[in-house]
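# Residue-level structural notes
The primary structure of each chain is shown beneath.
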Amino acid sequence: MAPIRLDLPTAPSPSELRITASSPSPSLPTPQPPQTRTNGLQLNPVSLLAMEGTPSELDLARTPPPKSFAPSPPISRTASEIDLASQGGYGGRWGMEGELGRFLRTVDFAARKHSCQRRKDVDQTPYINHPIAVANILSSTGITDVKVLQAAVLHDTVEDTHTTIEEIAHLFGSDVARIVEECTDNTTLSGQQRKIEQLRSAPFKSREAQQVKLADKIHNLESIRRCPPVGWGIKRIQAYFIWAKQVTDVCASAHPPLAERLQELYETAYTRVNGVYYPCHPEVCGPLTEDEKNLVDSRLRALKDGQTVCPAPIFF
Ligand SMILES: Nc1nc2c(ncn2[C@@H]2O[C@H](COP(=O)(O)OP(=O)(O)O)[C@@H](OP(=O)(O)OP(=O)(O)O)[C@H]2O)c(=O)[nH]1
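Per an unreviewed UniProt entry, the recorded name for the chain is Guanosine-3',5'-bis(diphosphate) 3'-pyrophosphohydrolase MESH1, and the organism is Kwoniella heveanensis BCC8398. Turning to the chain, the UniProt record has this under Cofactor (unreviewed entry): "Mn(2+)". Recorded in UniProt under Sequence similarities (unreviewed entry), the annotation for the chain is "Belongs to the MESH1 family."

Laid out in structure tokens, this is it:
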């Protein structure tokens, strides 16, 4: 296949993006240990440790939270959050909470936080579908640690809603808060700087955060293949795939089943623009068979007819 030139108006070129943990580019910041803060909010590890010990989550479930444990008020609260507050908050009055209950409480919290948001696809899928899908991808590939699944559900709340790490620590414990914090981009950086920073910091993240990252990328990449964000052309799609592969290659050892699934995606994902078939990842994608062309075409035909492909399985 002829090499495809990538002019990236909104994202760095592959060569700009390609960095390795062992040989950081001199233009990039020196690798640091896992960050202590990502978006201007101070997270005090000592206070988090204190929170972890007393009161325990069980105590929180049995008794109404003291004032100091009330979640910090968001800048503007949605009706569903106000509704939640009027019920006495989380962790409440109805007795002990098991692991499943804690997970459902996490999903409920994330759903309220993301309630006004939609994905960028043509169907404007509710945003909460994404974090739920990320948790589902982890669970379906053998991750049973409920804290990792909770962090997956919460992974975009701090970055994309008025949620703080402290609020998550209060409600779900410091382990979950730490993973969420590691998965939170510094929103004061530009989109391109955030991508470079994700690459730089990926090797230093905990195994749990790397697992969430892998699943996050799987869902974003599969979403792009199935139903790209509105306005994304082939160059942007390919730039995202190239960058995502660099990030996920660094995290691959955190959960090999996810890494295998990603590799298959990089090798087989195609799209079509103006009648021309393009590999989503121009460097590792193999040639397209006639059957695969039909698959690409049927997906695009469905979109053109105004039908949605989103009810298709979350992943395949
Ligand atoms: N594929 C896809 N992505 C969508 C959609 N709706 C929202 N997104 C989000 O958009 C981001 C990817 O688009 P970019 O162009 O790279 O990011 P940007 O708009 O924020 O600069 C991802 O967020 P992110 O937190 O920046 O994730 P990541 O960059 O860490 O992967 C992804 O979760 C959608 O319908 N499809």
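## Details of the overall build of the chain
Each helix and strand counted, the chain has 15 helices and 2 strands in total. Look at the contacts in the chain between residues 6 or more apart in sequence, and 73% of them connect residues 24 or more apart.

## Quick word on the site of the ligand
Every residue close to the ligand is listed here: Arg119, Lys120, Asp121, Glu159, Gly191, Asp216, Lys217, Asn220, Ser223, Ile224, Pro229 and Tyr240. Per-element accounting of the shell around the ligand gives the leading share, 5 residues, to helix 12 (residues 207-226). Classifying every residue of the shell around the ligand by side-chain character gives 3 nonpolar, 3 polar and 6 charged.

## What about the packing of helix 7 (residues 146-154) against helix 12?
Running from N to C, helix 7 and helix 12 point in directions that differ by 50°, and their axes come no closer than 10 Å. As summarised for this structure, helix 7 and helix 12 are arranged oblique, according to the angle between their axes. With respect to the hand of their crossing, helix 7 and helix 12 are arranged in right-handed fashion. Touching Val148, Ala151 and Ala152 of helix 7 are Glu208, Gln211, Val212 and Ala215, all from helix 12. Class assignment for the residues of the contact of helix 7 with helix 12 results in 5 nonpolar, 1 polar and 1 charged.

## Focus: helix 12
Count 3.6 residues to each turn of an α-helix, and residues three or four apart come out pointing the same way. Here helix 12 contains 20 residues, and its C-alpha end-to-end distance of 28 Å stays within 8% of the 28 Å for a straight helix at 1.5 Å per residue. Of all 20 residues in helix 12, 17 are buried; the element is thus mostly enclosed.

## Quick word on the nonpolar core
Formed by 53 residues in total, the largest nonpolar core has its most connected members in Leu138, Ala151, Ala152, Ile168, Val180, Val212 and Ala215. Element by element, the count of residues in this core is highest for helix 13 (residues 234-251), at 9 residues.

## Description of the environment of Phe109
The residue Phe109 is located in helix 5 (residues 99-113) in this model. With 23 C-beta atoms packed within 10 Å, Phe109 lands in the buried category. In sequence terms Phe109 and Thr157 are 48 residues apart; their C-alpha atoms lie 9.4 Å from each other.

## Quick word on the confidence of the model for the chain
With 65% of its residues at a pLDDT of at least 70, the chain reaches an overall mean of 76. Counting interchain partners and residues more than four positions distant, the pLDDT-below-50 stretch residues 308-316 has 14 contacts. As scored by the predictor, the complex reaches a pTM of 0.72 and an ipTM of 0.95.

## A word on the packing of helix 5 against helix 7
Axis separation between helix 5 and helix 7 bottoms out at 9 Å; the angle between their running directions is 10°. Taken together, helix 5 and helix 7 sit at an angle that is classed as roughly parallel. In this structure, helix 5 uses Glu99, Arg102, Phe103, Thr106, Val107 and Ala110 to contact helix 7, whose residues at the interface are Val146, Leu149, Gln150, Val153 and Leu154. Classifying every residue of the contact of helix 5 with helix 7 by side-chain character gives 7 nonpolar, 2 polar and 2 charged.

## Details of the pairing of strand 2 (residues 276-279)
Bridging between strand 1 (residues 270-273) and strand 2 involves 4 bridges; their strand directions are antiparallel. Looking at the pairing, Val273 lines up with Val276 of strand 2. Here strand 1 folds back onto strand 2 in antiparallel fashion, the turn holding 2 residues, of which Asn274 has a positive phi close to 50°.

Criteria and cut-off values
Residues numbered from 1 in each chain as written. Predicted model: local features only at pLDDT ≥ 70, side-chain atom pairs only at ≥ 80, totals over all residues. UniProt positions renumbered as here; feature names shortened; annotations may be inferred. Helix = DSSP H or I, 4+ residues; strand = E, 2+ residues; numbered from the N terminus. Contact = placed C-beta atoms within 7 Å. Near = placed C-beta within 6 Å. Nonpolar A, V, L, I, M, F, W, Y, C, P; charged D, E, K, R; others polar. Axes fitted to C-alpha atoms, helices over the stretch in contact; angles between N-to-C directions. Parallel < 35°, antiparallel > 145°, perpendicular 65-115°, else oblique. Left-handed = near helix turned anticlockwise from the far one by under 90°. Expected span 1.5 Å × (residues − 1). Buried ≥ 20, exposed ≤ 12 C-beta atoms within 10 Å, placed from the backbone. Core = buried A, V, L, I, M, F, W, Y, C linked by C-beta atoms within 7 Å. pLDDT = per-residue confidence, 0-100. Pairing = 2+ DSSP bridges.

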